[in-house]
Amino acid sequence: MMLQTVPNQRVIDTERFVLRPLRKSDQGLIDMYGGDPRVSRNTRSIPHPLPPGATEAFIARTLAADRTEDVWAMDATKSGGSELMGLIALERMDRDQSEIGYWVGPAFWNTGVASAAVAGLIEANPQNSKTLFAEVFQDNAASARVLTNCGFEYLGDAETFSVARGAKVATWTYSRKLD
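The present account deals with the structure reproduced in this document. This structure is a prediction, so every number in the text was calculated from the model and none was measured.

### Quick notes on the overall build of the protein chain
(1) Moving on: Scanning the protein chain from N- to C-terminus turns up five helices and eight strands.
(2) Moving on: From first element to last, N terminus to C terminus, the protein chain shows the α and β order β-β-α-α-α-β-β-β-α-β-α-β-β.
(3) Moving on: Its C-alpha atoms give the protein chain a radius of gyration of 15 Å, within 12% of the compact-globule value 16 Å for 179 residues.
(4) Moving on: Taking the principal axes of its C-alpha atoms as reference, the protein chain extends roughly 45 × 40 × 35 Å.
(5) Moving on: Across the 179 residues of the protein chain, 45% fall into the buried class.
(6) Moving on: Look at the contacts in the protein chain between residues 6 or more apart in sequence, and 62% of them connect residues 24 or more apart.
(7) Moving on: As presented, the protein chain carries roughly 9,200 Å² of accessible surface, and 51% of it is formed by carbon and sulfur atoms.

### Digging into helix H1 (residues 27–34)
(1) Moving on: Taken as a whole, H1 has its buried residues at Ile30, Tyr33 and Gly34. Within H1, the buried residues cover an arc of 90° as seen down the axis, which keeps them to one side.
(2) Moving on: Lining the buried residues of H1 we find helix H2 (37–40), helix H3 (54–63), strand S4 (86–92) and strand S5 (97–104).

### Re the packing of aromatic side chains
(1) Moving on: Taken as a whole, this structure holds three aromatic pairs when the rule is applied.
(2) Moving on: Note on Tyr33 and Phe108: the rings are 6.1 Å apart at their centroids and 75° apart in plane angle, and the pair reads as edge-to-face. With Tyr33 in helix H1 and Phe108 in the loop between S5 and helix H4 (113–124), this residue pair connects regions lying 75 residues apart in the sequence. In terms of burial, Tyr33 and Phe108 fall into one category: buried.
(3) Moving on: Look at Tyr154 and Tyr174: their rings are 6.0 Å apart centre to centre, the planes differ by 75°, and that puts the pair in the edge-to-face class. Placement of the pair is Tyr154 in strand S7 (residues 153–162) and Tyr174 in strand S8 (residues 167–177), with a sequence separation of 20 residues.
(4) Moving on: Exposure remark for Tyr154: the relative accessible area of 46% places this residue in the partly exposed category.
(5) Moving on: A residue is classified by how much of its surface remains accessible, and Tyr174, at 5% relative accessible area, is buried.
(6) Moving on: Each member of the aromatic cluster is reached from another via a ring pair, and the members are Tyr33, Trp103 and Phe108.
(7) Moving on: Over the face of the ring belonging to Trp109 we find Arg38, whose NZ or CZ atom lies 5.8 Å from the ring centre.

Conventions adopted
- Residues take numbers from 1 onward in each chain, read along the sequence in its written order.
- Selection of residues for local features in this predicted model requires a pLDDT of at least 70, selection of side-chain atom pairs for listing and counting requires 80 or more, and totals for whole chains, interfaces and linings are taken over all residues.
- Values shown for side chains rest on all heavy atoms present in the structure; no hydrogens or waters enter the calculation.
- A run of DSSP states H or I qualifies as a helix once it reaches four residues; a run of E qualifies as a strand once it reaches two. Both are numbered from the N-terminal end.
- Only C-alpha atoms enter the radius of gyration, while the globule expectation follows 2.2 Å times N to the 0.38, with N the number of residues.
- For every residue, the accessible area obtained with a 1.4 Å probe (protein chains only) is divided by the maximum for its type, and the residue is called buried under 20%, exposed over 50%, and partly exposed between those limits.
- We call two residues in contact whenever any of their non-hydrogen atoms come within 4.5 Å of each other.
- For the accessible areas, the method is Shrake-Rupley and the probe is 1.4 Å, while residue cover comes only from the protein chains on display.
- An arc is given here, and it is the one of the directions from the helix axis to the C-beta atoms.
- The aromatic pairing rule takes the rings of Phe, Tyr and Trp, using the six-membered ring of Trp, and pairs them if the centres are within 6.5 Å, calling planes under 30 degrees apart stacked, those over 60 edge-to-face and the rest tilted.
- Either the NZ atom of lysine or the CZ atom of arginine qualifies as a charge over a ring when it sits within 6 Å of the ring centre and within 35 degrees of the ring normal.

So, in structure tokens, the structure goes:
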């Protein structure tokens, strides 16, 4: 299978799956999972309901050479699994820092997929970051466990706006120093 490459974004191989750049053919699965309110309500930016064309525009942004965020699909086809189990992203910040974000389709919750993806991204450190940041909604303890299990340390409480919820949501902020 030929993997589409994005400038300066490599495929990252983990034991269970690969993290690969998005491709246009991912639209259907991103629509299905991203359109699920259990997924969208735990993100800042996925609206619910998902408007027509939103996923297509998102994929186009992730493929742009001038993007500020690298997004990977969690693709388990190498082990006979799903072509897309979720997404994980790194948003470039200043001073060699990045913010990590991810979501996993409900069919793959509590299977270690998110932890494996975060660990794989930390190990590869594709943006050569010195520090990674992350935030999770305080009512999403499972995502907080992913971060702490991957070596992130709690920094403090904050809040951010969730498009799907149409409201500000209390968050926990985490960081992880990289070697």
